[in-house]
Amino acid sequence: MQPSAGTLHVVATPIGNLADLSPRALETLRSVAAVCAEDTRHTRQLLAHFGVERPLLALHEHNEAELAQTLVARLAAGESLALVSDAGTPLVSDPGFRLVRAAREAGIRVSPVPGPSALIAALSVAGLPSDRFAFEGFLPAKAGARRDRLAALAGEPRTLVFYESSHRIADTLADCVAAFGGERPAVLARELTKLFETVLDGDLSTLQARVEADANQRKGEFVLLVQGAAEDADARIAEGRRVYALLAAELKPSLAAKLAAEITGAPRKALYGG
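Please read all numbers here as calculations on a predicted model, not as lab measurements. (Residues numbered from 1 in each chain as written. Predicted model: local features only at pLDDT ≥ 70, side-chain atom pairs only at ≥ 80, totals over all residues. Heavy atoms only, no water.)

K.L.:
Can you help me understand the overall build of the chain in this one?
P.N.:
Along the chain, the regular secondary structure elements total 11 helices and 10 strands. Counting all 274 residues of the chain, 42% fall into the buried class. Long-range contacts, defined as pairs at least 24 residues apart, comprise 68% of the intrachain contacts of the chain with a sequence gap of at least 6. Taken as a whole, the chain presents about 14,000 Å² of accessible surface, with 52% of it coming from carbon and sulfur. Here the chain contributes 30 positively and 33 negatively charged side chains, and the mean placements of these two sets differ by 4 Å. (Helix = DSSP H or I, 4+ residues; strand = E, 2+ residues; numbered from the N terminus. Buried < 20%, exposed > 50% of the residue type's maximum accessible area, 1.4 Å probe, protein only. Contact = heavy atoms within 4.5 Å. Areas by Shrake-Rupley, 256 points an atom, 1.4 Å probe, with all protein chains shown as cover. Lys, Arg positive; Asp, Glu negative; His and termini not counted. Charge placed at Lys NZ, Arg CZ, Asp CG, Glu CD.)

K.L.:
Would you take a moment to explain the sheet that holds strand β5 (residues 109-113) for this structure?
P.N.:
In a beta sheet, neighbouring strands are held together by backbone hydrogen bonds and run either parallel or antiparallel to one another. In spatial order, the strands read β3-β2-β4-β1-β5; together these 5 strands make up an open sheet with parallel pairing. The open sheet has two free edges, formed respectively by β3 (56-58) and β5, since each of these has just one partner strand. The mean angle between the axes of side-by-side strands here comes to 25 degrees, regardless of whether they run parallel or antiparallel. Bridge count for strand β1 (residues 7-11) against β5 is 5 bridges, and the pairing is parallel. By the bridge assignment for β5, Val11 is matched with Val113. Relative to β5, helix α1 (residues 23-31) is tilted by about 140 degrees, and along the sheet it contacts β1, β2 (34-37), β4 (81-84) and β5. The sheet contacts of helix α4 (residues 97-105) involve β1, β4 and β5, and relative to β1 the element is tilted by about 150 degrees. (Pairing = 2+ DSSP bridges. Axes fitted to C-alpha atoms, helices over the stretch in contact; angles between N-to-C directions.)

K.L.:
Just checking my understanding: could you explain the layout of surface pockets for this structure?
P.N.:
Over the atoms rolls a probe the size of a water molecule, and in doing so it shows where empty space is left. The volume enclosed by the largest pocket comes to roughly 700 Å³. Around the largest pocket, the lining is made up of 32 residues, and of these Ile15, Asp86, Ala87, Gly88 and Glu221 lie nearest the centre. Elements that contribute at least two residues to the lining of the largest pocket include exactly α2 (40-49), β7 (159-164) and β10 (222-226). Sort the elements by how many residues they give to the lining of the largest pocket and α2 lands first, with 4 residues. For the lining of the largest pocket, a count of residues per class yields 13 nonpolar, 12 polar and 7 charged. (1 Å grid on protein atoms, 1.4 Å probe; cavity = no way out; pocket = protein on both sides within 12 Å on 5 of 7 lines; lining within 4 Å. Points joined across faces, edges and corners; volume = space filled by probe spheres on them. Nonpolar A, V, L, I, M, F, W, Y, C, P; charged D, E, K, R; others polar.)

K.L.:
Mind showing me how you'd approach the UniProt feature "domain: Tetrapyrrole methylase" (unreviewed entry) in the chain here?
P.N.:
Residues annotated in UniProt with the feature "domain: Tetrapyrrole methylase" (unreviewed entry) correspond here to residues 7-207. With 38% helix and 22% strand, residues 7-207 has its two end C-alpha atoms placed 45 Å apart. (UniProt positions renumbered as here; feature names shortened; annotations may be inferred.)

The structure is reproduced here in structure tokens:
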């Protein structure tokens, strides 16, 4: 008889405070045949803290595509597995989607075990509009690509959420000031749920100055939230002109203006004289 397929459990783990591991997550980690972890050394410490002894399988961006079918075969044979990242909810700027997709394509049950997420934790305390937001993950490491990406987001009306590292946070704030304007409201959440948690708010220029003046505010892991552009005529025209400039480099001006107007809602005449 063919055994019933197992379940792939996608398990959220603490982003700092170990007390945030849910009872259900702990029960799941104890029950599975093995735990697929981004960094087995990190996850081994987490499991040891809770007295959990389970086999660990390294699953990261460099081997996920190769291992996915092997793990799906184990699931199909009846084993249940847990997928965790180093911290927070797997697949949110972390590996895992290839395994989840392969499991679903094979008809394997994929079950979420929800819990901590730096993205949602930061958004919940930021005091910025949260009914609509755009999560951008980590910006490009190279300065030119990062600035290009921020420029493309200048007219985005939703609250923008970025992850950033300690060695790039100062440069990213400077680039945000240049792209969005120093007066744009923003929040910088650092080391959430950990001992030195801080949540700074103000406009981008103020946050940039505070981070430059205090070396402690350049340490740890960051979530940067930036209020979206105002949804008014001026903002639409500014975005329309930006899109028009990009399109006009490749298309006839009249066609570029037509497309830019359709994309942004800006009046065509404001972009190109007719």
